[in-house]
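This is what each chain is made of:
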Amino acid sequence: MRNAQKQQQGGFSREEILAILTEVKDPELPFIDIVELGIVRDVVLDGDTVRVDITPTYSGCPAMQVIEREVCDILAQNGFESAEVRTVYAPAWTTDWMSEETKQKFRDYGIAPPSGMAESGGGIAELVTLQRARPTIECPFCRSSNTVLKSEFGSTACKSIHFCNGCHQPFDYFKSF
Amino acid sequence: MQSAPAASSVSQYAMRLGDDRLVLGHRLSEWCGHGPILEEDIALANIALDLIGQATLFLKLAGETEGKGRSEDDLAYFREAVEYRNIHLVELPKGDYAFTIVRQFLFDVFSYHLLEQLMKSANAEIAGIAAKGFKEVRYHVRHSSEWVLRLGDGTAESHSRAQKALDELWRFSSEMFEADSIDREMAAAGIGADLDALKPKWETVVRDVLTRATLTIPDDPPAMTRGRKGSHTEALGHMLSEMQIVARSHPGAGW
């Protein structure tokens, strides 16, 4: 393998390893890689070993073990026998790390991307009301703004369920978090 | 005045934080496939997953600081009820949907203020876990408070069920704020939360929402509970026997 030879001949740069890691997709979002999702926090090279720091989207994200295994597999395929994956929790993952380009991939797949910045301010009084101002979520299919929230929790912790009154289709929204 | 606390105190403190969330998360997971409507079935399972995720992180820390080589799975699956350090509120059987929601609301508001404080913990691990969990709990508070308002100020049936749930649960709420020597040691070291400071914040929010939900807060004295000492209701043993049976029947099994 060319990559294995390259590894033996002097190794990869940090950027090249990040490029390799883009081959690992989020199992729940097969069109998004773990680098653009912000799960990969750091890559540290030390001789012929490499350490990859990853962070979970949500505390109980069940995809983390699969992702960790796939990171090790892809690095092994590229000649890294002793890849180490470390899970870090701070700073806490946020959808604010996603680029516009990545958000467009969500729309192309039929999921509304995170809208605006993750809310963090405001006190608890703003949370305990039925009259809360809700952000307008645009339908990923017809781009209509005439949509309603059906449930704050969807098929995974990171998504909520909405319905578009424009094209009469239900859709997922990747929550701003 | 801050003195360095013993690692065993940090371990015990992290174990309490983990146990409350593990037990409540498991109780919520019992709704999976039984929710009153599909959206709520999914919502309760999602919240359960968040809580079990937070529990995993706290118990991992508890195991590491304990120094006996126990993993988070060892702590979850191979401890008896008397070794669990959760409060009684979270271990009571799930009851009907109103009971589950009212309990969740009382705990969510507590957890919100607790994690908000713990984000500033002098222990970097606790601060990191709290910052992550806090973002999740914001969603939980929204969910449970909305449903308390809908159920309490809803139909005669939903109101009576919500009121009955509150009547049963209220006396268990004071245990959240009972500080013992571990809590005081952790608070003094800047690692743990000051429970005395949390209580008025919790009470203000809870009373406001319950009043708007047209529910009446009972005048009951606190229940006799010693969950932090390992004294539990019969219900926890039954819950653990179900939760732990696969791990205990097939130790070390993987797939």
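Regarding the domain arrangement of chain A
Residue and element names in this part refer to chain A.
Next, step 1: In terms of domain boundaries, chain A breaks down into domain 1 (2–87) and domain 2 (98–174).
Next, step 2: The distance between the C-alpha centroids of domain 1 and domain 2 comes to 29 Å.
Next, step 3: Counting residues at the interface gives 9 residues for domain 1, matched by 8 residues for domain 2.
Next, step 4: In terms of residue class, the side of domain 1 that touches domain 2 is made up of 4 nonpolar, 3 polar and 2 charged.

What about the sheet that holds strand E7 (residues 147–151) of chain A?
All names here are of chain A.
Next, step 1: Spatial ordering of the open sheet is given by E6-E9-E8-E7, a layout of 4 strands whose pairing is mixed. Two strands lie at the open edges of the sheet, namely strand E6 (111–112) and E7, each paired on one side alone.
Next, step 2: In the sheet, E7 pairs with strand E8 (residues 159–164) via 4 bridges, with the strands oriented antiparallel. Its bridge partner lying in E8, Leu149 is registered against His162.

What to know about the interface of chain A and chain B
Next, step 1: Between chain A and chain B, the contact holds 19 residues from the first and 28 residues from the second.
Next, step 2: Classifying every residue of the side of chain A that touches chain B by side-chain character gives 13 nonpolar, 4 polar and 2 charged.

With respect to the environment of Tyr112 of chain B
Next, step 1: On the secondary structure map, Tyr112 of chain B appears in helix H5 (residues 97–118).
Next, step 2: C-alpha separation for the pair Tyr112 of chain B and Ser29 of chain B, spaced 83 residues apart in sequence, amounts to 20 Å.
Next, step 3: Excluding residues within four positions of it along the chain, Tyr112 of chain B makes contact with Ile124 of chain A together with Val137 and Val141 of chain B.

Digging into the confidence of the model for chain A
Next, step 1: Across chain A, pLDDT averages 89, with 93% of residues at or above 70.
Next, step 2: For chain A, the element scoring lowest by mean pLDDT is helix H1 (residues 2–8) of chain A, at 57; E6 of chain A scores highest, at 96.

Re the packing of helix H1 (residues 7–29) of chain B against helix H2 (residues 38–66) of chain B
When two helices pack together, you describe them by how their axes are tilted relative to each other and by the distance separating the axes.
Residues and elements named next belong to chain B.
Next, step 1: Viewed as axis vectors pointing N to C, H1 and H2 meet at an angle of 160°, and their least axial separation amounts to 7 Å. When the axis of H1 is compared with that of H2, the two are roughly antiparallel. As H1 runs across H2, the sense of the crossing is left-handed.
Next, step 2: The residue inventory of the contact of H1 with H2, partitioned by class, reads 19 nonpolar, 7 polar and 2 charged.

A few points about unusual backbone geometry
Next, step 1: Along the chain, Ala90 of chain A connects to Pro91 of chain A via a cis peptide bond; the corresponding omega equals -5°.
Next, step 2: By the secondary structure assignment, Pro91 of chain A is in the loop between strand E5 (83–87) and helix H4 (100–109).
Next, step 3: Phi at Arg143 of chain A is positive, roughly 65°, even though this residue is not glycine.
Next, step 4: Structurally, Arg143 of chain A can be placed in the loop between E6 and E7.
Next, step 5: Phi at Thr214 of chain B takes a positive value of approximately 60°, unusual for a residue other than glycine.
Next, step 6: With respect to the element layout, Thr214 of chain B can be found in the loop between helix H9 (195–212) and helix H10 (234–249).

Reading the values: the criteria
- Residues numbered from 1 in each chain as written.
- Chains lettered and ligands numbered in written order.
- Predicted model: local features only at pLDDT ≥ 70, side-chain atom pairs only at ≥ 80, totals over all residues.
- Domains from an automatic or database assignment.
- Contact = placed C-beta atoms within 7 Å.
- Nonpolar A, V, L, I, M, F, W, Y, C, P; charged D, E, K, R; others polar.
- Pairing = 2+ DSSP bridges.
- Helix = DSSP H or I, 4+ residues; strand = E, 2+ residues; numbered from the N terminus.
- pLDDT = per-residue confidence, 0-100.
- Axes fitted to C-alpha atoms, helices over the stretch in contact; angles between N-to-C directions.
- Parallel < 35°, antiparallel > 145°, perpendicular 65-115°, else oblique.
- Left-handed = near helix turned anticlockwise from the far one by under 90°.

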